[in-house]
Amino acid sequence: MPNNDFNIDDLKSVWQNQKVEEAYQQSDIEAMLNTKSRNYVKYLLWISLLEFFIFITLLIYSLVSKDDHVNFREILSRLHLQNQNEILHTMDKIYLVIKILSLSLTGIFVYLFYKSYRRISVEDNLKQFILRIISFKRKVNAFIIINVILLVVYIVSFSIYLSIVMGEQSVQLSETTKLGFIIGIIVALLLSILLIILYYKIFYGILLKRLSKNLEQLRLIETEKENQ
């Protein structure tokens, strides 16, 4: 007659001796992180490329549009400046130079982003892959900083030019007008910087944050490999 006694100790022993395999091997996690990181780089490349085409469109529009500079004329009138058409023409030249410079730098960075994307391969060894991701992140951060600097140069250039013109025309502003002029420049500068940082925070920052998170995980895997 068979023995039907249930031995809980035997069952526990069998369960403890079973080999439990990990749901994901380390190599699987590494491959997944590599692929996700490369996709984030690709998305950043697409965004910068879209931005480049938007800049081209705005530049073409500014060249063909017949803007009568109503807002600028009002500012010049409040500052009691003469030869307003000549001043506006010079301001248009400054705007065009800054825009072309911005467009050129954006084009250069799009090319650099594309080169980085092509060089980043999931087939790279982990250390090489991490170094290339770090290099790409530095390029993106440099791109953001340069755009902020160009914006500051754009506003400061207008302000300096208007100050020079007022000096040449011996325009004496009242304290109220002078204070309003200075405050207007500062507010425009701070607001513009805030908007451009917010723009890059939304469109670049989210992807960069995810890329940084992947990078930290890849570094941990690399450290574990070196310690083995």
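Throughout what follows, the structure given in this document is the object of discussion.

### Digging into the overall build of the protein chain
Line of reasoning, step 1. Along the protein chain, the regular secondary structure elements total six helices and zero strands.
Line of reasoning, step 2. In the protein chain, which comprises 228 residues, the proportion classed as buried is 31%.
Line of reasoning, step 3. Carbon and sulfur atoms make up 61% of the accessible area of the protein chain, which totals about 15700 Å².

### Let's talk about the packing of aromatic side chains
Line of reasoning, step 1. Taken as a whole and judged by the stated rule, the model has 13 aromatic pairs.
Line of reasoning, step 2. Ring centres of phenylalanine 109 and phenylalanine 143 lie 5.3 Å apart, and the angle between their planes is 50°; on these two criteria the pair is classed as tilted. Of the two residues, phenylalanine 109 sits in helix α4 (residues 84-119) while phenylalanine 143 sits in helix α5 (residues 126-168), which places them 34 residues apart along the sequence. Of the two residues, phenylalanine 109 and phenylalanine 143, both sit in the buried class.
Line of reasoning, step 3. Taken together, the aromatic side chains of Phe109, Phe113, Phe136, Phe143, Tyr199, Tyr200, Phe203 and Tyr204 make up a single cluster linked through ring pairs.

### Quick look at the nonpolar core
Buried together is how nonpolar side chains tend to be arranged in soluble globular proteins.
Line of reasoning, step 1. By size, the foremost hydrophobic cluster in this structure holds 33 residues, and its most contacted members are Val41, Leu44, Phe113, Ile133, Phe136, Val140 and Tyr204.
Line of reasoning, step 2. Counting only elements with at least two residues in this core, the list comes to α2 (26-64), α4, α5 and α6 (175-227).
Line of reasoning, step 3. At twelve residues, the largest contribution of residues to this core is made by α5.
Line of reasoning, step 4. Setting aside its immediate chain neighbours within four residues, isoleucine 133 contacts Ser37, Val41, Ile120, Leu211 and Leu215.
Line of reasoning, step 5. With 16 residues, the next largest nonpolar core counts Leu79, Leu81, Leu88 and Leu173 among its residues.

Conventions adopted
- Residues numbered from 1 in each chain as written.
- Predicted model: local features only at pLDDT ≥ 70, side-chain atom pairs only at ≥ 80, totals over all residues.
- Heavy atoms only, no water.
- Helix = DSSP H or I, 4+ residues; strand = E, 2+ residues; numbered from the N terminus.
- Buried < 20%, exposed > 50% of the residue type's maximum accessible area, 1.4 Å probe, protein only.
- Areas by Shrake-Rupley, 256 points an atom, 1.4 Å probe, with all protein chains shown as cover.
- Phe/Tyr/Trp six-rings, centres within 6.5 Å; stacked < 30°, edge-to-face > 60°.
- Core = buried A, V, L, I, M, F, W, Y, C linked by side-chain atoms within 4.5 Å.
- Contact = heavy atoms within 4.5 Å.

Shape descriptors only; they carry no functional weight alone.
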